[in-house]
Amino acid sequence: VAGSLPVRLKPNCQPATPISMLMINGTNDRDVLYEGDDHTQRGALVSISDMVNFWRSHDQCTSSNGSPQFSEDKVKTSLYKGCSGNSEVWELAVVNGGHFWPGGASTDENLNKFNAKLGLNASETIWDFFQHQSSEQLIGKQAMLTNKH
C-alpha cells in the first residue's frame, strides 16, 4: 500500500522481485498532490500516474481493467493484472477527494457526508487486497518453484 515516492528516491527504487501495489489517492489532495510536485522543490513527490506506471512497468503487467465495484464518478478504479509473479497493481482515485481516510470518521461534517456517499472503505479495501495478494503470491511462488525443477 503506497501513496507516492520522493522524486530523488525513484531512481534508486529497484526491487529485485515483483511487488503488488494498492494506491488510494484523492484527486484534490493538497498534501500528496495527485499530479505530483514541482520536481525542483525539496521533498518533491512524483505524480500518482507516474507511480502507477512505475509499478506496472516493474511488475511487467500486461492487462488492465476498471472495477464495477465503485461508481466511476466517485472512485476511478484501474486494476492491472497479468503481472510477473502474480503481482497486481490497483489504483483507486477518489474523485474530488482530499487528504483523508475513505470510510473513516471525521469531526468535519462535510467530509463525513462526502465519505458516506463515496461507498469506499479504505480499511476493508486494504484488507481485501492483502488477503487476495497472499493467495495470488503463493500461487505465483509455487509456479516459480515448479518451473525451476
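The coordinates are above.
Let us look at the structure shown here. The structure displayed is predicted, hence computed values, not measured ones.

Attention now moves to the environment of E91. Of note, E91 is situated in strand β4 (residues 89-94). Put simply, E91 and T77 are 14 residues apart on the chain and 5.7 Å apart in space, counted from C-alpha to C-alpha. Apart from the residues within four sequence positions on either side, E91 is in contact with M23, Y34, I48, V52, K76, T77, S78 and Y80. In this structure the side chain of E91 is engaged in a polar contact, spanning 2.6 Å, whose partner is the side chain of Y34.

This paragraph deals with helix α1 (residues 48-58). Every buried residue of α1 is listed here: I48, M51, V52, F54 and W55. Across the axial projection of α1, the buried residues extend over an arc of 155 degrees, all falling on one side. Of the surrounding elements, those touching the buried residues of α1 are β1 (21-26), β3 (75-81) and β4. Positive backbone phi, approximately 55 degrees, marks Q60, located one or two places after α1.

Quick look at the pairing of β3 now. In this structure, strand β2 (residues 63-65) lies alongside β3, joined through 3 bridges in antiparallel fashion. Among the inter-strand pairings, S63 is bridged to a residue of β3, identified as K81.

Analysis parameters
- Residues numbered from 1 in each chain as written.
- Predicted model: local features only at pLDDT ≥ 70, side-chain atom pairs only at ≥ 80, totals over all residues.
- Heavy atoms only, no water.
- Helix = DSSP H or I, 4+ residues; strand = E, 2+ residues; numbered from the N terminus.
- Contact = heavy atoms within 4.5 Å.
- Polar contact = N/O pair within 3.5 Å; in protein donor to acceptor, adjacent residues only side chain to side chain.
- Buried < 20%, exposed > 50% of the residue type's maximum accessible area, 1.4 Å probe, protein only.
- Arc of directions from axis to C-beta.
- Pairing = 2+ DSSP bridges.

Everything listed is a geometric property; what it means functionally is a separate question.
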